[in-house]
Amino acid sequence: MSPPAIDARTAHAAGVERLLESYRAVPPTASVRLAKPTSNLFRSRAKPNARGLETSGLTGVIAVDPQARTADVGGMCTYEDLVAATLPHGLAPLVVPQLKTITLGGAVTGLGIESTSFRNGLPHESVLEMDILTGAGEVVTASPIEHEDLYRAFPNSYGTLGYAVRLRIELEPVEPFVALRHLRFHALTDLVAAMDRIIATGAVDGDRVDYLDGVVFSADESYLCVGTQTAASGPVSDYTGQQIYYRSIQHDDGIKHDRLTIHDYLWRWDTDWFWCSEAFGAQRPRIRRLWPRTLRRSSFYSKLMRYEQRFHIGDRIERLGGRPPRERVVQDVEVPIERCAEFLDWFLANVSIEPIWLCPLRLRGDGWPLYPMRPRQTYVNVGFWSTVPVGSIEGETNRLIERKVSELHGHKSLYSDSYYSPEEFGELYGGETYRTVKKRYDPDSRLLDLYAKAVQRR
C-alpha cells in the first residue's frame, strides 16, 4: 500500500464518525440529504428542510495498491483527486467520467460513462465493495457476496437507498500518452457501422483501440475519436489554453491524427464542459484570453449555470428580445447500437441541438436492476445539452425524447429532468426490486423515494 495509507484511513474513520453524528442530528420527520460542495445533477430540487449530512471527511484517497491494482477512496472523492493519486503508479480507474468534480459515490449511485465503456462497462461494474450509509443509519459493507441485494440495486438509486462512504475499485495500467485518430464520416449509418466493427474487433486498421467516442455535428458531418495508449514520447497538443478540443477533431475527410498526455486525454472535455462553455462566451478568442485558466473548467461553468437558473437570466434575455422562454434539454440516453442511426436521424429532424456526443458501452457482466440493460448488447450513449423554445406543455421536448427512447428499447439517465408517470417509471427503473431493497435498508423512509427525487424533483 502507499505510505500515507495509515493517516488517510484514520482521517477517513473520523470522517465516517462525523457523518454518523450528523445523521443522528437530523430530526426524524426531516428527509436525510448530503451536504455537497459540488453537484453534477441538472434537475431543480426542493429546498431541504434540515441540514445536510457532514461529508467533509469523505473526500480523500484512502489507499492505492499498485500490486493488486485497486484503490480505496472516500465516497465524496472526486475523480480529479483519484486520477492524481493513481497516474504516478501508471494506473487509472477502468472508467473515468468526463468531468473532474464527479465523485466516485456519485458516479456509482447515479451512473457514469466514458470512452473506455465499450470495453470496461460503467463505473459501478469495477466496484469490488462499498461501505454504504443506509437510511436506517447503519454503515454496511456491500459486495457481490455481502448485502448483495443492496450492492446490485445501488447503481442508479441516486442516494435513495443510501450513500457510499467508501469504495474499493479496480484499476488498470495506462501508458503516458494517447495517440488519437479522428475518423470523419459523411453518413451516420457509416459511422455506426464503423463503431460496431471497432467494438467487435477491438481494433481499427490492425491497431488496438483503448478509447472510443464520437461527435455528431450534423447529418453529414460526424466523427469517431479513436485512442490508443502509447509509451512513445513526442509532441502533444494542449487544449487547456486557447485551443478547443472538440473543434480540433473537425476536418474535411479521412483521418486526422493527434496526441495527448494520458492526463490531458482523460480531462479533454472538462476545459470547455464539452462544448457548453460557448454559452458563457468562453470560446470567443478575446474573452478566452482574459478568462483565468483556473476557472476554465466544468465546475465553474456549472456554478454559472445554477446562478442563471436561480435568477432566470436566460428567460429574461429572451423576453427582452421578444422571444419565448427556453426549455432545458440536458440529457444522456442509451439506445441499442442497431437503433442508434435511427435515433440520431429522428433527433436531428425534431430537436434543434448540436453537437451530439456518442459513447458506446457494453456491460462487463450481468445487468443491474435499476438500470436494466441487456448483457452482451452494445448500446450507444447519446448526450445532448442545450435548450430549445418552450412548447405547449411543460417539458414538451423532453417528453418527446423519453417516448422515442422507450420506443427504441433504450434508457434515459436520471441526472436531469424527467416526466414519466409512476407506472412507466416503475417499469423502467427497478419496480418491485427497488421497493424490496428500499424497505429493507430504509424501513422508515428517511431517504427520498427514487420517483420523488428524479421526477417530482423533491
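Quick caveat: nothing in here was measured; it's all calculated off a predicted structure.

Novice: Lay out the environment of Val-437 in plain terms, naming residues and giving numbers.
Specialist: Relative to the assigned elements, Val-437 resides in helix α15 (residues 431-441). On the accessibility criterion, Val-437 (5% relative accessible area) is buried. Val-437 sits 285 residues away from Arg-152 along the chain, and the two C-alpha atoms are 9.8 Å apart.

Novice: Outline the pairing of strand β13 (residues 326-336), supporting the account with residue identities and numerical values.
Specialist: With 10 of its 11 residues buried, β13 lies for the most part within the structure. The pairing of β13 with strand β15 (residues 379-389) spans 11 bridges and is classified as antiparallel. Paired with Asp-332 across the two strands is Gly-383, which belongs to β15. Across 2 bridges, the pairing between β13 and strand β16 (residues 411-412) is antiparallel. Looking at the pairing, Val-333 lines up with Lys-412 of β16.

Novice: How would you summarise the pattern of salt bridges if you had to cite specific residues and measurements?
Specialist: This structure, assessed with the given rule, holds 25 salt bridges. The partner of Arg-166 in a salt bridge is Glu-129, with the nearest N and O atoms 2.7 Å apart. Here Arg-166 is found in strand β6 (residues 162-173), whereas its partner Glu-129 is found in strand β4 (residues 127-134), with 37 residues between them in sequence. Judged by relative accessible area, which is 9%, Arg-166 ranks as buried. Asp-238 is the salt-bridge partner of Arg-293, the closest N and O atoms lying 3.9 Å from each other. Remark: Asp-238 occurs in the loop between β11 (221-230) and α7 (245-248) and Arg-293 occurs in the loop between α9 (285-290) and α10 (298-311); sequence separation between them is 55 residues. Linked through salt bridges whose partners overlap, the residues forming this network are Asp-72, Glu-129, Asp-131, Arg-166 and Arg-168.

Novice: Give me helix α6 (residues 188-201): which residues, what numbers.
Specialist: Between the first and last C-alpha of α6 there are 20 Å, a value that for 14 residues agrees with the 20 Å anticipated at 1.5 Å per step. Those residues of α6 not exposed but buried are Leu-188, Leu-191, Val-192, Ala-194, Met-195, Ile-198 and Ile-199. For α6, the arc enclosing every buried residue in end-on projection is 160°, short of the 170-degree limit, so these residues lie on one face. Opposite its buried face, α6 presents the exposed residues Arg-197, Ala-200 and Thr-201, each directed more than 90 degrees away.

Novice: Could you give an account of the nonpolar core, naming the residues involved and the relevant values?
Specialist: Counting residues in each nonpolar core, the largest one holds 85 residues, and the members touching the most others are Leu-167, Trp-275, Trp-357 and Phe-425. Element by element, the count of residues in this core is highest for β6, at 4 residues. Contact partners of Phe-425, with chain neighbours within four places excluded, come to Leu-414, Tyr-420, Leu-450, Tyr-451, Ala-454 and Val-455. Of all hydrophobic cores here, the second largest spans 37 residues; its members include Phe-185, Ile-198, Leu-224 and Leu-358.

Novice: So what's going on with unusual backbone geometry? Which residues, and what values?
Specialist: Following Glu-354, the chain continues into Pro-355 via a peptide bond in cis, with omega recorded as 0°. Examined against the element boundaries, Pro-355 turns out to sit in the loop between α12 (340-350) and β14 (356-361). At Tyr-158, a residue that is not glycine, the phi angle is positive and equals roughly 50°. Mapped onto the secondary structure, Tyr-158 falls in the loop between α5 (148-153) and β6. Residue classification places Tyr-158 among the buried positions, given a relative accessible area of 7%. Unlike most non-glycine residues, Arg-376 shows phi in positive territory, near 65°. Position of Arg-376 among the secondary structure elements: in the loop between β14 and β15.

Novice: Outline the packing of α12 against helix α13 (residues 396-407), supporting the account with residue identities and numerical values.
Specialist: Between two packed helices, the angle of one axis relative to the other and the distance separating the axes together describe the packing. The interhelical angle for the contact between α12 and α13, taken along N-to-C directions, is 160°, at an axis separation of 11 Å. On the basis of their axis angle, the class for α12 and α13 is roughly antiparallel. For the crossing formed where α12 meets α13, the hand is right-handed. Only Leu-400, Ile-401, Lys-404 and Val-405 of α13 make contact with α12, whose side of the interface consists of Glu-342, Phe-343, Trp-346 and Phe-347.

Novice: Summarise the packing of α6 against α12; cite the residues concerned and give the values.
Specialist: Between α6 and α12, the shortest axis-to-axis distance is 9 Å and the interhelical angle comes to 145°. Regarding α6 and α12, the two cross each other, and that crossing is right-handed. Residues Leu-188, Thr-189 and Val-192 of α6 touch α12, and the partners they reach there are Cys-340, Ala-341, Leu-344, Asp-345 and Leu-348. Residues of the contact of α6 with α12, tallied by class, amount to 6 nonpolar, 1 polar and 1 charged.

Novice: Break down the packing of aromatic side chains for me, citing the residues and quoting the values.
Specialist: Tallied over the entire structure, the rule returns 27 aromatic pairs. Their ring planes at 50° and their centres at 4.6 Å tell us that Phe-274 and Trp-385 sit as a pair that is tilted. Of this pair, Phe-274 sits in the loop between α8 (262-266) and α9 while Trp-385 sits in strand β15, and the two are 111 residues apart along the sequence. Taken individually, Phe-274 and Trp-385 each receive the classification buried, so the pair is uniform in this respect.

Novice: Outline the sheet that holds β11, supporting the account with residue identities and numerical values.
Specialist: Reading across from one edge, β12-β7-β11-β10-β14-β15-β13-β16 is the order of the 8 strands in this open sheet, with antiparallel pairing throughout. Of all strands in the sheet, those with a lone pairing partner are β12 (255-261) and β16, marking the two edges. The sheet strands contacting α6 are β7 (177-185), β10 (211-218), β11, β14 and β15, and the helix crosses β11 at an angle near 20°.

Calculation criteria
- Residues numbered from 1 in each chain as written.
- Predicted model: local features only at pLDDT ≥ 70, side-chain atom pairs only at ≥ 80, totals over all residues.
- Heavy atoms only, no water.
- Helix = DSSP H or I, 4+ residues; strand = E, 2+ residues; numbered from the N terminus.
- Buried < 20%, exposed > 50% of the residue type's maximum accessible area, 1.4 Å probe, protein only.
- Pairing = 2+ DSSP bridges.
- Salt bridge = Lys/Arg side-chain N within 4 Å of Asp/Glu carboxyl O.
- Expected span 1.5 Å × (residues − 1).
- Arc of directions from axis to C-beta.
- Core = buried A, V, L, I, M, F, W, Y, C linked by side-chain atoms within 4.5 Å.
- Contact = heavy atoms within 4.5 Å.
- Axes fitted to C-alpha atoms, helices over the stretch in contact; angles between N-to-C directions.
- Parallel < 35°, antiparallel > 145°, perpendicular 65-115°, else oblique.
- Left-handed = near helix turned anticlockwise from the far one by under 90°.
- Nonpolar A, V, L, I, M, F, W, Y, C, P; charged D, E, K, R; others polar.
- Phe/Tyr/Trp six-rings, centres within 6.5 Å; stacked < 30°, edge-to-face > 60°.

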